[in-house]
Amino acid sequence: MFAYRSSWAGALHRLSKLIPKGAVGAVFSRGSNSLFAFISTVLLARVLGTDGYGAFAFAFVVTGAGSTISALGLDQLAARELAILYEARQWENFVRFVHWGQRRIWCASMILVGAAILLLSAIEIDAVMWRTTVISLMFVPAYATVRFLRGQLQALDRTALGIFFELPFLNIGLLIMSTLLAMSQSLRRPEYAALGFGATL
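What comes next is a walk through the structure.

What counts and how
Residues numbered from 1 in each chain as written. Predicted model: local features only at pLDDT ≥ 70, side-chain atom pairs only at ≥ 80, totals over all residues. Heavy atoms only, no water. Helix = DSSP H or I, 4+ residues; strand = E, 2+ residues; numbered from the N terminus. Buried < 20%, exposed > 50% of the residue type's maximum accessible area, 1.4 Å probe, protein only. Contact = heavy atoms within 4.5 Å. Areas by Shrake-Rupley, 256 points an atom, 1.4 Å probe, with all protein chains shown as cover. Patch = residues over 30% accessible without salt bridge, like charges linked within 9 Å, V, L, I, M, F, W, Y side chains within 5 Å. Salt bridge = Lys/Arg side-chain N within 4 Å of Asp/Glu carboxyl O. Core = buried A, V, L, I, M, F, W, Y, C linked by side-chain atoms within 4.5 Å. Expected span 1.5 Å × (residues − 1). Polar contact = N/O pair within 3.5 Å; in protein donor to acceptor, adjacent residues only side chain to side chain. Axes fitted to C-alpha atoms, helices over the stretch in contact; angles between N-to-C directions. Parallel < 35°, antiparallel > 145°, perpendicular 65-115°, else oblique. Left-handed = near helix turned anticlockwise from the far one by under 90°.

## Quick word on the overall build of the chain
Broken down by element type, the chain carries eight helices and zero strands. A burial count over the chain gives 33% of its 201 residues as buried. At a minimum sequence separation of 6, the contacts of the chain that also span at least 24 residues come to 77%. Counting only carbon and sulfur atoms, one obtains 69% of the accessible surface of the chain, whose full area is about 12100 Å².

## Focus on the environment of Leu82
Topologically, Leu82 is positioned in helix H3 (residues 74–87). Put simply, Leu82 and Leu153 are 71 residues apart on the chain and 9.4 Å apart in space, counted from C-alpha to C-alpha.

## Section: a nonpolar patch on the surface
Together, Leu35, Phe38, Ile39 and Val42 give the surface a local cluster of nonpolar side chains, amounting to about 360 Å² of exposed area. Its location among the elements puts Leu35 in helix H2 (residues 24–70).

## Some remarks on the nonpolar core
One recurring pattern in soluble globular proteins is that nonpolar side chains are buried together. Core analysis: the largest hydrophobic core is formed by twelve residues, namely Leu74, Ala78, Leu82, Leu85, Tyr86, Phe94, Phe97, Val98, Ile105, Ala144, Phe148 and Ala155. Those elements that provide at least two residues to this core are H3, helix H4 (91–122) and helix H6 (140–156). For this core, the element with the highest residue contribution is H3, accounting for five residues. Setting aside its immediate chain neighbours within four residues, Ala155 contacts Ala78, Ala79, Leu82 and Ala83.

## Points about the environment of Gln76
Turning to its location among the elements, Gln76 is positioned in helix H3. Judged by its relative accessible area of 55%, Gln76 falls in the exposed class.

## Re H6
For H6, which comprises 17 residues, the first-to-last C-alpha distance of 25 Å matches the rise-based estimate of 24 Å (1.5 Å per residue) to within 8%. Regarding H6, the residues found buried are Val140, Pro141, Tyr143, Ala144, Phe148, Arg150, Gly151, Gln152 and Ala155.

## A few points about H3
The end-to-end C-alpha separation of H3 is 19 Å, in line with the 20 Å expected for 14 residues at 1.5 Å each. Of the positions making up H3, those classed as buried are Leu74, Asp75, Ala78, Leu82, Leu85 and Tyr86. Where H3 is buried, its residues meet H4 and H6. Count one or two residues on from H3 and you reach Arg89, which has phi positive near 60 degrees.

## Some words on the side chain of Ser67
Within the secondary structure, Ser67 is located in helix H2. Assessed through its relative accessible area of 6%, Ser67 is described here as buried. Of note is the side chain of Ser67, whose polar atom sits 2.9 Å from the backbone oxygen of Gly64. Non-local contacts of Ser67, meaning those with residues more than four positions away in its chain, are made with Val140, Tyr143, Ala144 and Arg147.

## Considering the environment of Met183
Looking at the element boundaries, Met183 is found in helix H7 (residues 169–183). Under the relative-accessibility criterion, Met183 is labelled exposed at 67%. Linking Met183 and Val47, residues 136 residues apart in sequence, is a C-alpha distance of 9.4 Å.

## So, the packing of H3 against H6
Axis separation between H3 and H6 bottoms out at 7 Å; the angle between their running directions is 30 degrees. In terms of orientation, H3 and H6 fall into the roughly parallel class. Considering the relative orientation of H3 and H6, their crossing is right-handed. Every residue of H6 that contacts H3 at Leu74, Asp75, Ala78, Ala79, Leu82, Ala83 and Tyr86 is listed here: Arg147, Phe148, Arg150, Gly151, Gln152, Gln154, Ala155 and Leu156.

In structure tokens, the structure reads:
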């Protein structure tokens, strides 16, 4: 038994040597992201069934794409520009940039949600899928805001711990919602799944 534990300890030590110093956060972030996504997918597929999970997956993809587009790339821009303003102690310009970016994200989100709902109304899709997608789209402004906030946090953090701001918070919320749905028989519908996912954000 002692030899078995020693071999495992040696293997872990050798593995840690292969990971560049300061990259542990990235490895943990990507690994936990995959783990949470896998567990959530299995739970949702079992709870919602084939048709229900299909409706939720469609809504999830549309909402994810919408939040990425409505963020306008400002999350990445904020991580760079705010870091420069922070180092230069230009607090007025720092606050002005945050307000400027947030207003544009909200406006873009509202326009995108309205256009997406009009497009969904014009095409023929299942009623359950339509309701699930519309409910999910209501949270696009919140998703885009969180992405922008993550960029601000990355700009303010000057250590290697900044990578942990990229932890998969969306998949953590998805896992929490999946667990709650699995525990409640009456809530096992894709519409409730979309609403619960937004609420866990």
